[in-house]
Amino acid sequence: MSSASSHIVFDDIFTIHGIDKEGKKFDRVSRLYARSRNYEMDLSLDYNTELFPVSEGQTIAMALASSLSRTAGPTAGADAADTEDKDRDVWRPDGKGRRGLEEDYDYVMYGKVYKFDGGTSEIVTVYASFGGLLLSLTGSFRHMANIVLGDPIFILIRK
């Protein structure tokens, strides 16, 4: 997974094995289905086809992060307030903010974890929404221990 000094809560490499299996419902949005290499996780993700075109058989790197900041800062006291002020401008559309994790990826979305579904004792599914574009990640709860229900989350993807 990722190091302790990062805001990345999950990352893996996925191979796309299907796109729009139930048919295409929207002009610029598709749903991809993928399987991870390292953790044997199943991914279902809605994405914008104009901004991030992918095809079946292609490999993508996907990460989930609680912040775009490159380093984890202090979590309590006055130092935490200073860090929060500094991290507020990690990403700015004018390019004047500090460079964050988004610089290393091709496609980034911001959303919220809205549901955990415990299938068996070992296998769980995490659901997140990125402005209506949905993510479903199914696999061992051990690999998703840092993903928190109700927390905001960033998804970062690169080819």
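Check the entry above for the structure.
In short, a report on the structure.

What counts, and where the lines are drawn
Residues numbered from 1 in each chain as written. Predicted model: local features only at pLDDT ≥ 70, side-chain atom pairs only at ≥ 80, totals over all residues. Heavy atoms only, no water. Helix = DSSP H or I, 4+ residues; strand = E, 2+ residues; numbered from the N terminus. Buried < 20%, exposed > 50% of the residue type's maximum accessible area, 1.4 Å probe, protein only. Phe/Tyr/Trp six-rings, centres within 6.5 Å; stacked < 30°, edge-to-face > 60°. Lys NZ or Arg CZ within 6 Å of the ring centre and 35° of its normal. Pairing = 2+ DSSP bridges. Axes fitted to C-alpha atoms, helices over the stretch in contact; angles between N-to-C directions. Polar contact = N/O pair within 3.5 Å; in protein donor to acceptor, adjacent residues only side chain to side chain. Salt bridge = Lys/Arg side-chain N within 4 Å of Asp/Glu carboxyl O.

### Concerning unusual backbone geometry
In the Ramachandran plot, Asp20 falls in the positive-phi region, its phi being about 55° despite a non-glycine side chain. Relative to the elements of secondary structure, Asp20 occurs in the loop between β1 (8-19) and β2 (29-36). Unusually for a residue other than glycine, Glu40 sits at a positive phi of about 55°. Overall, Glu40 belongs to the exposed group, its relative accessible area being 56%.

### Brief notes about the packing of aromatic side chains
By the definition in use, this model includes five aromatic pairs. Residues Phe10 and Phe14 carry aromatic rings whose centres are separated by 6.4 Å and whose planes lie at 50° to one another, so their mutual orientation is tilted. For the pair shown, Phe10 and Phe14 are each scored as buried. Between Phe52 and Tyr107, the ring centres sit 5.2 Å apart and the planes meet at 20°, which makes this aromatic pair stacked. Separated by 55 residues along the polypeptide, Phe52 in the loop between β3 (42-48) and β4 (59-65) and Tyr107 in strand β5 (residues 107-118) bring together distant segments of the chain. Residue class for Phe52 comes out buried when judged on its relative accessible area of 2%. On the basis of relative accessibility, which here comes to 6%, the residue Tyr107 falls in the buried class. Grouped by ring-pair contacts, the aromatic residues Phe10, Phe14 and Tyr39 constitute a single cluster. Above the ring of Tyr127, the side-chain terminus of Lys115 is found at 5.2 Å from the ring centroid. The ring of Tyr105 is capped by Arg158, whose NZ or CZ atom sits 4.4 Å from the centre of that ring.

### So, the sheet that holds β4
If you trace the eight strands once around the closed barrel, you get β1-β2-β3-β7-β6-β5-β8-β4, paired in antiparallel fashion. Averaged over neighbouring strand pairs, the angle between their axes works out to 35° when direction is ignored. Two strands pair when backbone bridges link them, and β4 and strand β8 (residues 152-158) are joined in this way by five bridges, in the antiparallel orientation. Directly across from Leu64, in β8, lies its bridge partner Ile155.

### Section: the side chain of Asn48
Relative to the elements of secondary structure, Asn48 occurs in strand β3. A distance of 2.8 Å separates the side chain of Asn48 from the backbone nitrogen of Glu50, its partner in a polar contact.

### Focus on the pattern of salt bridges
Evaluated as defined, the whole model comprises three salt bridges. Taking the shortest distance from any N to any O, the salt bridge between Glu122 and Arg142 comes out at 2.6 Å. Of this pair, Glu122 sits in the loop between β5 and β6 (123-130) while Arg142 sits in the loop between β7 (133-140) and β8, placing them 20 residues apart in sequence. Owing to a relative accessible area of 27%, Glu122 belongs among the partly exposed residues under this scheme.

Purely geometric numbers; function is a separate question.
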